[in-house]
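Read off the chains here:
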Amino acid sequence: MAAAATSLKEESIAELYSFLDTKEADFGLDERARKLVSFICQQDEEGYQVLSNVIVQANKKDENGETTPDAIAAARSYRAMTILKQDLSSNTQSPYGGYADMMMNQHEPAMIITQPDQAGLLAKQLLVALANKEQPSYTVVHIREVLAMLMDRFPGNVLASAASGGKQGLQAHLAPLLHSPITLSILTNLVCYGCTGRRGMPSAEKSQAAMQQQMMMNASGSQKIAAGARKKFVRQMAEFQLFDRLAQSLKEEEASGEEVCDAILTILEVVGYPPEDPQQQQQHQTMGKIPPMAPQVGENLLFGPLTSTEWWKDLLECLDQESRMEKKESIARTLHSAFALATGNSSRIVKSHAPARDATELPTAQDEKEEEEEEHVINRLVEWELTDQMHAALLQQLPLLLRTLNLPRSDILNYHATTDHNLNEEQEEEEEKNSNESANNTTIRHPGRYRTVPMGSWRVQLLSLLKEVICYSNTTGNSTGNNKPSQSTLAMDALMEFPLAPELLKSKKQKKKSNKAEEEETKEEEAANAEDDTVYNPWPALCSLVFAYPYNDFYHNIFYQMLQTVVLQHHEPTLRVIFQKSKFLTRALRSLSESSALKGLILQVLNLLRLRSQSLAPNAFLHQYLASHDLWKNDSDRLIELTLYQQKPIKQVPSAVPALFTPSTMVTLADIELGTEFANKLGLSGISKWDGTLEVEEQASKGAGADANGAGNGNGQPGQQQDGQGGKNKKKKNNKKKKKKK
């Protein structure tokens, strides 16, 4: 009897294999397929392994020792995967309904995977199969699809199978997932399920249909994971050193950098901003309540490597030495986006800005509702104080970050991205050789003899990271009554510890040297400085990049946010370097008289300075500097005129709403002062004019910072202006006062 049953089972399996080689199997669990599979499952409780073997061993050799052709093996594997997925989805309802329900046989009960233990055993078998590096790509894709469905239906059992066997089991099951771009999504879903108890969907995948499907699956209650199991899994993943392994995989030549980057960012987003049940979220929005905090299971332990300086140092060093542009971009995007997620300024969390409205368009109620909903986003990374620790780690790596940025080191104030290269053939060959050796020296050739050094998307990402470091300030952590400086102040103080470039420390007499011998001497000094690896104060170079790349709006936005933070905090040492040493205000005012692409940015910056100075006491540095600057005083009226013209509504259209263009709504000087919508857009919301009662706060870096490298270097006291572009000397004012007294 047993032999007969075995023979019958083998005949059924052979018939199933023959069925999978026909086009009829493309429809999945139709009537014939259901009969064949049900008979096999009745004979053996582990009948699901028959289909999993078809997927895993689709290209194995037959009885004659011949390997199955890839086309036949891929089709057979795909059809077995379809049958398994349809059986797993039998107890759920498709959000699309209708034809989708009919195709997936939603009305039929599951017959292959009927017990949670079976799902765990199947997941373990598939994970072991992924460790085989000789698996064809189509088999890996099919295994990924089945594992994704298993995690949606039985996440607890899949997690238990993945973590079974202790450290050796984790190494065997999860380590192979790190080395393939196809399997990284499996690892990402496992971690998100283990930390949050639900499937992790990044912002880009949160479509309406996906949210409805997630809500239906949550209602079934089949995918709930106990808090104890989640704690155990998080502890195991922390011991597995997940983020260290992901960073190592990001540096490997074989790994796909973009997929590893997406895995890191998705885990950070889903765990740091845990998804709420869609049904509960709708109830909270209807009642106007803030959603309650989900129970924590020690997720902060998982992100421990991100708080160490070594994690950031290894990636920055790899970026500095890397020559492949694709790898540089993926590493730079990982560094910037990871910290932006920690601060809450990532585009994955904050909704992208809508296109600029026409003057005839008014904000709708839906727009106001969306703005209110954005305020309820909870950043767990800040609450766990991980962001502060990441910020402290990045402050220690500022020298390496600035060196990797490859900022201009010589002739900084006259830096031009597009230069004239009139070279002979030998010089051109040598330059091409050098450019091939280092990606940082790569230039884009223009017709003729002009070449442009590109900004590069990877460098824009690093500049955005520097901006996040400068602008971040944990207001909740600094509101406990202590007098500790904010994180942004610490970042600005750290930047001011770097020395200024030697060329910026020269006196006026040294700058007037004109004979050839002295010019050659100066060139030799610049060449020596270029070979020197000293990291200089970045602010002069950052200011020069604005004028070197007049059409790079990405960098202009970055620079404005950095300058905005410095101006709002009135960090005097930094302001002295930007305005006195870098001559930024003088160059900005001169460019304002020209018809250039920088006019929009320059108007924003100048109005920021104008309004901020009105809120400061007369003895504040910014107020005194603007009052003593001749170009500023001469162009202040023109600044107002250009600003009013810029804020002028669009020309009236006959079909538009005429009420928007009545004389009473014309822009006046009162509309571009403090307390207006214009000031709020510049970042000056909540700031009012100085009323004579407030005094300038004494900064800790005012005394020591004025004499530190880059902060002062001979600038003197705050009242002594040394603009060099027509700024009046305070001694003359004192002499005038003495004459009046006499």
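Counting restarts for each chain, with residues numbered from 1 along the sequence as it is written. The predicted nature of this model means local features are confined to residues of pLDDT at least 70 and side-chain atom pairs, given and counted, to a pLDDT of 80 or more, with totals for whole chains, interfaces and linings taken over all residues. Side-chain numbers here rest on the full set of heavy atoms in the structure, without hydrogens or water.

Draft legend 1. Fine view of the overall build of the chain. The helix and strand labels rest on DSSP assignments: H or I over at least four residues marks a helix, E over at least two residues marks a strand, and numbering proceeds from the N terminus. Within the chain, the regular secondary structure consists of 36 helices and three strands. Think of it in three bands: with a 1.4 Å probe and only protein chains considered, a residue is buried below 20% of the maximum accessible area for its type, exposed above 50%, and partly exposed in between. Relative to its full complement of 742 residues, the chain shows a buried share of 44%. Contacts were defined at the residue level, with two residues in contact if any of their heavy atoms lie within 4.5 Å. Pairs at least 24 apart in sequence give 75% of the contacts found in the chain among residues at least 6 apart.

Draft legend 2. A look at the packing of helix H30 (residues 584-592) against helix H33 (residues 630-646). With their axes 11 Å apart at the nearest point, H30 and H33 run at an angle of 50 degrees to one another. Relative to H33, the element H30 is oriented oblique. Once H30 is placed against H33, the crossing between them reads as left-handed. Contacts from Leu 585, Thr 586, Leu 589, Arg 590 and Leu 592 of H30 reach H33 at Leu 631, Trp 632, Asp 635, Arg 638 and Leu 642. In terms of residue class, the contact of H30 with H33 is made up of six nonpolar, one polar and three charged. What counts as an axis is a line fitted to C-alpha atoms, over the stretch in contact for a helix, and the angles between N-to-C directions run from 0 to 180 degrees. Small angles under 35 degrees read as roughly parallel and large ones over 145 as roughly antiparallel, with 65 to 115 read as roughly perpendicular and the rest as oblique. Throughout, a crossing is termed right-handed when the near helix is turned clockwise from the far one, and left-handed when it is turned anticlockwise from it by less than a right angle. Under the scheme applied, nonpolar residues are Ala, Val, Leu, Ile, Met, Phe, Trp, Tyr, Cys and Pro; charged residues are Asp, Glu, Lys and Arg; polar residues are all the others, including Gly.

Draft legend 3. Main features of unusual backbone geometry. Unlike most non-glycine residues, Glu 385 shows phi in positive territory, near 60 degrees. With respect to the secondary-structure elements, Glu 385 resides in the loop between helix H19 (380-383) and helix H20 (386-396). Although it is not a glycine, His 570 sits at a positive phi angle of roughly 50 degrees. Relative to the helices and strands, His 570 resides in the loop between helix H28 (553-569) and helix H29 (572-581).

Draft legend 4. Spotlight on the packing of aromatic side chains. In this scheme Phe, Tyr and Trp rings, the latter by its six-membered ring, pair at centre separations within 6.5 Å, and the angle between planes marks the pair as stacked below 30 degrees, edge-to-face above 60, and tilted otherwise. A complete count under the given rule lists eight aromatic pairs for this structure. Residues Phe 547 and Phe 584 carry aromatic rings whose centres are separated by 5.8 Å and whose planes lie at 55 degrees to one another, so their mutual orientation is tilted. Of the two residues, Phe 547 sits in helix H27 (residues 539-548) while Phe 584 sits in helix H30, which places them 37 residues apart along the sequence. No difference in accessibility class separates Phe 547 from Phe 584, as the two residues are buried. Centre to centre, the rings of Phe 579 and Tyr 625 are 5.5 Å apart; their planes meet at 20 degrees, and the pair counts as stacked. Of the two residues, Phe 579 is situated in helix H29 and Tyr 625 in helix H32 (residues 621-627); the sequence distance between them amounts to 46 residues. The class for Phe 579 is buried, based on a relative accessible area of 0%.

Draft legend 5. Quick peek at helix H6 (residues 116-130). With 15 residues, H6 should reach 21 Å at 1.5 Å per residue; the first-to-last C-alpha distance of 21 Å fits that figure. Regarding H6, the residues found buried are Gln 118, Ala 119, Gly 120, Leu 122, Ala 123, Leu 126, Leu 127, Ala 129 and Leu 130. Elements that come into contact with the buried residues of H6 comprise helix H3 (48-56), helix H7 (137-153), helix H8 (155-162), helix H9 (166-174) and helix H10 (184-196). Every helix has an expected span of 1.5 Å times one less than the residues it contains.

Draft legend 6. Quick look at the confidence of the model for the chain. pLDDT measures how confident the predictor is about each residue, on a scale from 0 to 100. Taken as a whole, the chain shows an average pLDDT of 76; of its residues, 67% reach a score of 70 or greater. With pLDDT under 50 throughout, residues 371-375 is counted as low confidence; its partners more than four residues away or in other chains account for two contacts. Note on residues 433-439: pLDDT under 50 across the span, and six contacts to partners over four residues away in sequence or across chains.

Draft legend 7. Focus on the pattern of salt bridges. Salt bridge, as applied in this entry: a Lys or Arg side-chain nitrogen positioned within 4 Å of an Asp or Glu carboxyl oxygen. Tallied over the entire structure, the rule returns 12 salt bridges. When the shortest N-O distance is used, the salt bridge between Glu 299 and Arg 380 registers 4.0 Å. With Glu 299 in the loop between helix H15 (278-287) and helix H16 (309-321) and Arg 380 in helix H19, the pair connects residues that are 81 residues apart, well separated along the chain. With respect to burial, Glu 299 and Arg 380 carry one shared label: buried. The partner of Arg 610 in a salt bridge is Glu 673, and the shortest N-O contact between them spans 3.4 Å.

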